[in-house]
Amino acid sequence: MTFRQFAFKNVIRNKRTYAAYFLSSAFSVMIFFVYALFIFNPDIDKGVTAKIAIQLMTAAEVIMYVFSFLFVLYSVSTFLKSRKREFGVLLMHGMTRSQLNTMVFLENMLIGISAIMTGIGAGIITGKLFLMIGSRIIGIESLPFYLPGKALGWTIGAFLILFLCISVLTTTMVRVNKLIDLFKAGEKPKKEPKVSKILSFISAVLLLTGYYLAATTTMETMLYRILPVIGMIIVGTYFFYTQLSVYLTKLLQKNRLLFWKRTNIITFSSLAYRLKDNARMFFMVTIVSTVAFCAVGTLASMKVLNKQFETNYPASISYLAKGDEPIHEKNIQDIKQDLIEKSIDYSTLSIPIKYVEIKDSSDKYAHEKMPVIAFSDYKKSSEMAGYSFTEKEPTGSEALAIRTSSMETLDSYTYTLKQDNIKLRQNKATEHVVFPYQILFSEGLVVSDSMYQSLREVSLDTFTGFYTKEQEKTTGIASHLTKDIEGVEFAPNDSEEVDPKEYALTVSGTLYHKQMSMYRMTLFVALLIGAVFFIAAGSFLYFRLYADLEYDRRLYLTIKKVGLTDGELNKIVTQQLVLLFFVPIIVAVIHSVFAFMALQSLFEMSIAKEMMVVLAGFCIAQIIYFFFIRQTYLRNLKKTLI
């Protein structure tokens, strides 16, 4: 047998331990490869949406690559610790340290190359499906399957470098001064886990404070709270597993009624040791799972924005005519003709908008000219949009700020006009959105009809709204009047205007289509990344479990000799597996719930439903995984207990 064959036999012999690590690595390679298939496909449209899709997938590639490096490094270091007895036998039979390092290097490269080949093979098989889904999501023609050399080269090169670096690093991890330490690695009695009451208290304070700040955050406080809260949650989680959880376990052991009940004495006796031994693994699984939950949940919650779309765009088509140029009448007729050709029932409303000169203002961001509309026109547009109108007309110098977004928050200001030093006092905003923010380029006011008649304008614009219940059918209407501006696909954050000196135009159907395309594409990318993270978290649990298999076999064999039944064994193992699998997931779910509570401040509508669907989906997947691992683990454990 050659040295390389010996390394190959080692991998085959430890296939059960390496299984999750290999499959997770292969899955990461597959996702990386199918993203590359899309990015380097020569038939992809070069429009802005396609460019953004490529940018998102490129960013996903970088995130997955960095995560894969950390995942593989942690996995290999864990495997090496579980093989110390094996290394001791090899060294005792004459293997040199150099040969041991070479063997570890070859084993890692063998697994790495196998994962690359398997991942690329799976990517080729699923590539066509991915291209079909991806092209449909971003709204381009279905892409034919094409195997670009760059996609193969990038994937093979990137992961070869990754596994090569990891293999070199892992050879430095096998360092033991005494041979006897290798033989006794799995037999050394574990030291009593020590905890600090101070660090346990700090953990509780950090977590509770972070939860409170997340739950009470608002749109205004979100920006400067997010980083401190993340820091507190991460540090608090680490100390929770290393200190607080062990401290709470010791308190439970002091409860004699609970501790001495049936098999609890066995379960709780080893609980503190398991928590301490697996603290870092629990911490990593919790953080990785939280990131996966939040990434997918955040994008799933973005669907709520679509429900707010009609609120922010009450008119399906909004046209603002600047001045009284003849082109406006032609443009209006073109829009009407497009609506007729698409058989869309609609109604129209035209509102004059006066621009008055501002002499002084308590609002430091106020423009020199401010748009003003009459209250009666505001009421007509609100009723045309289908709102139930209950607002009262302002009196005297009172004014309402024109709300252009449902999430907009407006303060109270006083404006002094150049016309006779008239003062307009804005104390509150309108209840409804009647103009999209792309139409008004500055804050506007609603004043009483009498005040409106008395104001002299420096310029006069006319807003024309086209209202219909078939909003989605308006996609593409008046396309010849708009031009694609770089980044317009991020609509509704950007307007579809041609020349702000002549007119402004928004078509809500087009904006909605682009927003939905962006949402679906981003969610699609996030789902795949979330799947990689979640599978990796499950792999951490898997190989940590099998790393302790030999120790558990000796423990349960000893207990079985004093009368432990199969039913009691199943119960004890199940309780410990529940702890291993669900404690980090439950903590991750709690973290995610408070993260979503903070996210709720950015939405007018509730995102609770979307949040529950995402978390329930991940939990169901974890439960299925738990029962599968429990069955195989019990079967392997009982092989030596018969």
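Just so you know, these numbers come straight off a predicted model, no measurement behind them.

Draft legend 1. View of the overall build of the protein. For the protein, the count of helices and strands is 20 helices and nine strands. Here the protein holds 642 residues, and 51% of them are scored as buried. Residue pairs in contact within the protein that sit at least 24 positions apart in sequence constitute 83% of those at least 6 positions apart.

Draft legend 2. Quick look at the pairing of strand S1 (residues 317–322). For S1, the tally of buried residues reaches six of six residues, placing the bulk of the element in the interior. Neither face of S1 is left uncovered, since the one carrying Ile-317, Tyr-319 and Ala-321 and the one carrying Ser-318, Leu-320 and Lys-322 both have all their residues buried. Relative to strand S8 (residues 459–467), S1 runs antiparallel, the two being bridged by six bridges. In the strand pairing of S8, Leu-320 is matched with Phe-463. As defined by bridge partners, S1 adjoins strand S9 (residues 503–507) across five bridges and the pair is classed as antiparallel. Paired with Ile-317 across the bridge in S9 is Val-507.

Draft legend 3. Inspection of unusual backbone geometry at higher detail. For Ser-343, which is not a glycine, the phi torsion comes out positive at approximately 55 degrees. Mapping Ser-343 onto the fold places it in the loop between helix H14 (326–341) and strand S2 (347–361). Note on Ser-343: relative accessible area 56%, which makes it exposed. With a phi close to 55 degrees, Asp-420 is a non-glycine residue in the positive phi region. Along the chain, Asp-420 falls in the loop between strand S5 (413–417) and strand S6 (423–429). For Asp-420, a relative accessible area of 60% corresponds to the exposed category.

Draft legend 4. Highlighting helix H15 (residues 375–384). Those residues of H15 that fall on the buried side of the exposure criterion are Phe-375, Asp-377, Tyr-378, Ser-381 and Ser-382. Buried residues of H15, seen end-on, are gathered within an arc of 160 degrees and therefore sit on one face of the element. A positive backbone phi angle near 95 degrees is found at Gly-386, which sits one or two residues after H15.

Draft legend 5. Summary view of the pairing of strand S4 (residues 398–401). In this sheet, S6 lies alongside S4 in parallel orientation, the contact comprising four bridges. Bridge pairing in S6 links Ala-399 to Gln-426. Bridge count between S4 and strand S7 (residues 445–447): two bridges; the pairing is antiparallel. Opposite Ala-401, over in S7, you have Leu-445 as the bridge partner.

Draft legend 6. Up close: the nonpolar core. Ranked by internal contacts, the top residues of the largest apolar core, which has 98 residues, are Tyr-21, Tyr-35, Phe-130, Phe-163 and Phe-581. The residues contacting Tyr-35, other than those within four sequence positions of it, are Met-57, Ala-60, Glu-61, Met-64, Phe-130, Phe-524, Val-525, Leu-528 and Ile-529. Counting 20 residues, the second largest nonpolar core, distinct from the first, contains Ile-351, Leu-400, Val-434 and Phe-435.

Draft legend 7. Layout of the pattern of salt bridges. The final tally for this structure, using the stated rule, is five salt bridges. Taking the shortest distance from any N to any O, the salt bridge between Lys-322 and Asp-461 comes out at 4.0 Å. Linking Lys-322 in strand S1 with Asp-461 in strand S8, this pair joins segments that are 139 residues apart in sequence. Just as Lys-322 is buried, Asp-461 falls in that class too.

Draft legend 8. A look at a nonpolar patch on the surface. Residues Ile-226, Leu-227, Ile-230, Ile-234 and Val-235 make up a contiguous nonpolar surface patch of about 440 Å² in total accessible area. Relative to the helices and strands, Val-235 resides in helix H9 (residues 222–253).

Draft legend 9. Expanded view of the packing of aromatic side chains. Taken as a whole and judged by the stated rule, the model has 21 aromatic pairs. Ring geometry for Phe-32 versus Phe-159: centroids 5.3 Å apart, planes at 90 degrees, classification edge-to-face. Taken together, the residues span a long stretch of sequence, with Phe-32 in helix H2 (residues 15–39) and Phe-159 in helix H6 (residues 149–170) at a distance of 127 residues. Overall, the relative accessible area of 2% leaves Phe-159 in the buried class. Between Tyr-238 and Phe-239, the aromatic rings sit 5.8 Å apart at their centres with planes inclined by 65 degrees, giving edge-to-face as the arrangement.

Draft legend 10. Representation of the packing of helix H19 (residues 566–599) against helix H20 (residues 608–638) in the model. Interaxial distance between H19 and H20 falls to 10 Å at its minimum, and their mutual angle equals 160 degrees. What the angle tells us is that H19 and H20 run roughly antiparallel. Once H19 is placed against H20, the crossing between them reads as right-handed. Of the residues in the contact of H19 with H20, the class split is 20 nonpolar, four polar and two charged.

Draft legend 11. Seen up close, the environment of Glu-431. For Glu-431, the location among the structural elements is in the loop between S6 and S7. Exposure remark for Glu-431: the relative accessible area of 49% places this residue in the partly exposed category. Once you skip the residues sitting within four places of it in the chain, Glu-431 turns out to touch Tyr-378, Thr-390, Glu-391 and Arg-403.

Draft legend 12. Representation of the confidence of the model for the protein within the structure. Mean pLDDT for the protein: 78, with 80% of residues reaching 70 or above. When the criterion is pLDDT under 50, residues 484–500 qualifies, and its contacts beyond four places in sequence or with other chains add up to 44 contacts.

Rules behind the numbers
Residues numbered from 1 in each chain as written. Predicted model: local features only at pLDDT ≥ 70, side-chain atom pairs only at ≥ 80, totals over all residues. Heavy atoms only, no water. Helix = DSSP H or I, 4+ residues; strand = E, 2+ residues; numbered from the N terminus. Buried < 20%, exposed > 50% of the residue type's maximum accessible area, 1.4 Å probe, protein only. Contact = heavy atoms within 4.5 Å. Pairing = 2+ DSSP bridges. Arc of directions from axis to C-beta. Core = buried A, V, L, I, M, F, W, Y, C linked by side-chain atoms within 4.5 Å. Salt bridge = Lys/Arg side-chain N within 4 Å of Asp/Glu carboxyl O. Patch = residues over 30% accessible without salt bridge, like charges linked within 9 Å, V, L, I, M, F, W, Y side chains within 5 Å. Areas by Shrake-Rupley, 256 points an atom, 1.4 Å probe, with all protein chains shown as cover. Phe/Tyr/Trp six-rings, centres within 6.5 Å; stacked < 30°, edge-to-face > 60°. Axes fitted to C-alpha atoms, helices over the stretch in contact; angles between N-to-C directions. Parallel < 35°, antiparallel > 145°, perpendicular 65-115°, else oblique. Left-handed = near helix turned anticlockwise from the far one by under 90°. Nonpolar A, V, L, I, M, F, W, Y, C, P; charged D, E, K, R; others polar. pLDDT = per-residue confidence, 0-100.

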